[in-house]
Amino acid sequence: MIPMSAAAKDQVHLAFGCDRNVADGLAAVIASAAHHLSKDRQLRVHVLDCGLGESMRAKLRTMVADKLPRAQIEFVEVLADRMKDFPQPFLTHVSHATYARLFLHELLPSIDRVIYLDCDLLIRGDLTELYELDLAGCALAAVQDKVITSFSHELDTLAADLPAIDPRSPYFNAGVLLLDLQRLRSIDATALYAKAFRQVKAKQADQSILNMVCHGRWKKLPTRWNRQILLGSGYNMFANEKGGIWHFTSRIKPWQVRRRGARGLLAQWYRELDRVGWVATAVPQTEVHVSWLRDFIKAAQCWIRSQLRGSQRG
């Protein structure tokens, strides 16, 4: 655990970068994080606003004020000009707002560390443990990417341009990051990011840049802090482990799926919105078409596996 001052000891700082397209996801992550947070902690939420709009900011402020007494929210405007020259993300469902996390060490100058979270997550555990993790001098901590497990997957965009990086080096997913902002300032991360953009194609947008700049400077987290899962119209996802963070990494996001037929983790995502009285703003177009019997069998299998893991750890 890291030593903390008495004034800051009860605070857990979270950061998001988003526009209005992911507002429902933002609400669900904040709600689920607050719900599972240790009772002796306060949640400080910093939203890098990349185009939410005043009405959406007001709606989020009302949600926090009325439903989350141990949370505070603030908005930090990120001008579009700051990101206009960045390359279009390879994944079409990812917007330029993804680059906002690169500026956290500048935009939050009075904060030494923060947990950055994507908006397509479901929190099912207390983030205090993650927030207090000893980084041992590393700039960040993250979970290895489930698909792009090493730099070898990006030979055409990273390793080919950076022969000093072993292609077998692990590559992390940037959806959940524990960031040492003080460390990032000390290594002049802004200059390193700019240099990286000149050197590589950044196929995975800011994730590519972060992996390049923080190569050898990051700590590997247990998978439970970023369980990367797929969501689709032909299946539901069920929790086979307790706690941690679930990350919907597929193109289809929870707010794009109609509530009817939603079970498992997707149903839990909707319950988090209900918990804080959030009325969804997106109009979902995808519907889950899965039989109840199939889902019952999946749910039972996941429950059995989770019990077995629990007994083995015990």
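Structure first, text after, so check above.
Residues numbered from 1 in each chain as written. Predicted model: local features only at pLDDT ≥ 70, side-chain atom pairs only at ≥ 80, totals over all residues. Heavy atoms only, no water.

A. The arrangement of the sheet that holds strand β10 (residues 245–248) in detail. With respect to topology, three strands assemble into an open sheet ordered β5-β10-β9, the strand pairing being mixed. Single-partner strands in this sheet number two, and they are β5 (121–123) and β9 (227–229). Strand-to-strand twist across the sheet, computed as the mean angle between neighbouring axes with direction ignored, equals 20°. One ladder, built from three bridges, connects β5 with β10; its direction is antiparallel. If you follow Leu121 over to β10, its bridge partner there is His247. Packing of helix α9 (residues 264–275) onto the sheet brings it into contact with β5, β9 and β10, and relative to β5 it is tilted by some 75°. (Pairing = 2+ DSSP bridges. Helix = DSSP H or I, 4+ residues; strand = E, 2+ residues; numbered from the N terminus. Axes fitted to C-alpha atoms, helices over the stretch in contact; angles between N-to-C directions. Contact = heavy atoms within 4.5 Å.)

B. Summary view of the sheet that holds strand β6 (residues 140–144). The sheet built from seven strands is open, its strands ordered β3-β2-β1-β4-β7-β6-β8 with mixed pairing. Among the strands making up the open sheet, the edge pair consists of β3 (71–77) and β8 (218–220). Between one strand axis and the next, the sheet turns by 25° as a mean value, whatever way the strands run. Sheet analysis places β6 next to β8, joined by three bridges and oriented parallel. Along β8, the bridge assignment pairs Ala141 with Lys219. Across the sheet, helix α8 (residues 206–213) touches β6 and β7 (172–180), and the angle it forms with β7 is around 55°.

C. Summary view of helix α7 (residues 189–199). Listing the buried residues of α7 in full gives Ala189, Tyr193, Ala196 and Phe197. For α7, the angular spread of the buried residues around the axis is 100°, confining them to a single face. In this structure, the buried side of α7 is in contact with α3 (104–107), α6 (181–186) and α8. (Buried < 20%, exposed > 50% of the residue type's maximum accessible area, 1.4 Å probe, protein only. Arc of directions from axis to C-beta.)

D. Expanded view of the packing of aromatic side chains. Overall, the coordinates contain four aromatic pairs when judged by the stated rule. Where Phe151 meets Tyr171, the ring centres are 5.7 Å apart and the plane angle is 80°; that geometry is what we call edge-to-face. Residue Phe151 is located in the loop between β6 and α5 (155–159), and its partner Tyr171 is located in the loop between α5 and β7; the two are separated by 20 residues in the primary sequence. By relative accessible area, which is 1% here, Phe151 ends up buried. Aromatic ring contacts, followed pair by pair, group Trp255, Trp269 and Tyr270 into a single cluster. For Lys59, the ring lying beneath its charged end belongs to Trp278, and the centroid distance is 4.3 Å. (Phe/Tyr/Trp six-rings, centres within 6.5 Å; stacked < 30°, edge-to-face > 60°. Lys NZ or Arg CZ within 6 Å of the ring centre and 35° of its normal.)

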